[in-house]
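# Topology and contacts: notes
Here is how the chains run, residue by residue.
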Amino acid sequence: MDRIFADVAGYVQEVSAPAQTRHVTDRAIRVAIAGNDVSVIVLPKDVQDTKYEDPAQAHGFTRSGTGYARPSVTPRRADLERAAEILNSGSKVAILIGAGARGAATQVIEAAEVLGAGVAKALLGKDVLPDDLPFVTGSIGLLGTKPSSDLMRDCDTLLMIGTGFPWASSCPRMARSGPSRSTSTPPCWACAIQST
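One structure accompanies this document, and this report is about it. Everything numeric here is computed off the predicted structure, so don't read it as measured data.

### Examining the overall build of the protein
Within the protein, the regular secondary structure consists of six helices and seven strands. What you see in the protein, going N to C, is helices and strands ordered as α-β-α-β-α-α-β-α-β-β-α-β-β. Sorting the 196 residues of the protein into buried and exposed places 35% on the buried side. In the protein, 60% of the contacts between residues at least 6 apart in sequence involve partners at least 24 apart. Within the structure as shown, the protein displays about 11900 Å² of accessible surface, and the carbon and sulfur contribution to it stands at 54%.

Here it is, written out as structure tokens:
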């Protein structure tokens, strides 16, 4: 059963003994929150029918703590300076936002205003900014809008915030100019790329 979900989830685990349930559930929640991802726990019928007992306090049993705090990651100064250089040199800047930009609407709006950029949205980032802002062009990809398609086609500089950019067909013809990542892993990353 766990192989069915392997392609669509960041964490998939089958519980084989009731004592594993607490740790597997804790891990699934942590992975889902940390990666804005899907977690799947497979709980077979025989495990469901078995009486739960806390894991033994013995060597080899993994314990987990309570709660989760998302780490704060600060980009290197050189990366920020390089991204600023790329963005400031662009004459037609576009911004693409995804789910990783949630909670940063104020900063995205400020960046769009400073750069004079239009903002397109990946499908999972549709809720980050309202569509009635004058510089928001809507979604990209198969369910995208013509203004977003035009924005992506015509830009010479692209700032990606909180997205891994899944729609290569919507990507402008650009060469990467030293991506500048605000954290170590997607989806919470920003990347400035510029056409050649």
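On we go.
### Regarding the nonpolar core
Of all hydrophobic cores here, the largest spans 15 residues; its most connected members are Ile-95, Ile-97, Val-119, Leu-129 and Ile-161. For this core, the secondary-structure elements that each account for two or more residues are β3 (93-97), α5 (105-115) and β6 (157-161). Element by element, the count of residues in this core is highest for β3, at three residues. In this view, Val-119 contacts Ile-95, Ile-97, Ala-112, Leu-129, Phe-135, Val-136, Thr-137, Gly-138 and Leu-151; residues no more than four positions away in its chain are not counted. Among the nonpolar cores identified, the runner-up in size contains nine residues, and Ala-94, Leu-96, Ile-140 and Met-160 belong to it.

### So, the environment of Gln-13
For Gln-13, the position within the fold is in strand β1 (residues 11-14). Exposure remark for Gln-13: the relative accessible area of 31% places this residue in the partly exposed category. Measuring from C-alpha to C-alpha, the distance between Gln-13 and Arg-27 comes to 9.6 Å, with 14 residues separating the pair along the chain. Residues contacting Gln-13, with those up to four places away along its chain left out, are Val-24, Val-40, Ile-41 and Val-42.

Definitions and cut-offs
Residues numbered from 1 in each chain as written. Predicted model: local features only at pLDDT ≥ 70, side-chain atom pairs only at ≥ 80, totals over all residues. Heavy atoms only, no water. Helix = DSSP H or I, 4+ residues; strand = E, 2+ residues; numbered from the N terminus. Buried < 20%, exposed > 50% of the residue type's maximum accessible area, 1.4 Å probe, protein only. Contact = heavy atoms within 4.5 Å. Areas by Shrake-Rupley, 256 points an atom, 1.4 Å probe, with all protein chains shown as cover. Core = buried A, V, L, I, M, F, W, Y, C linked by side-chain atoms within 4.5 Å.

Honestly, that's just the spatial picture; any functional story needs more than this.
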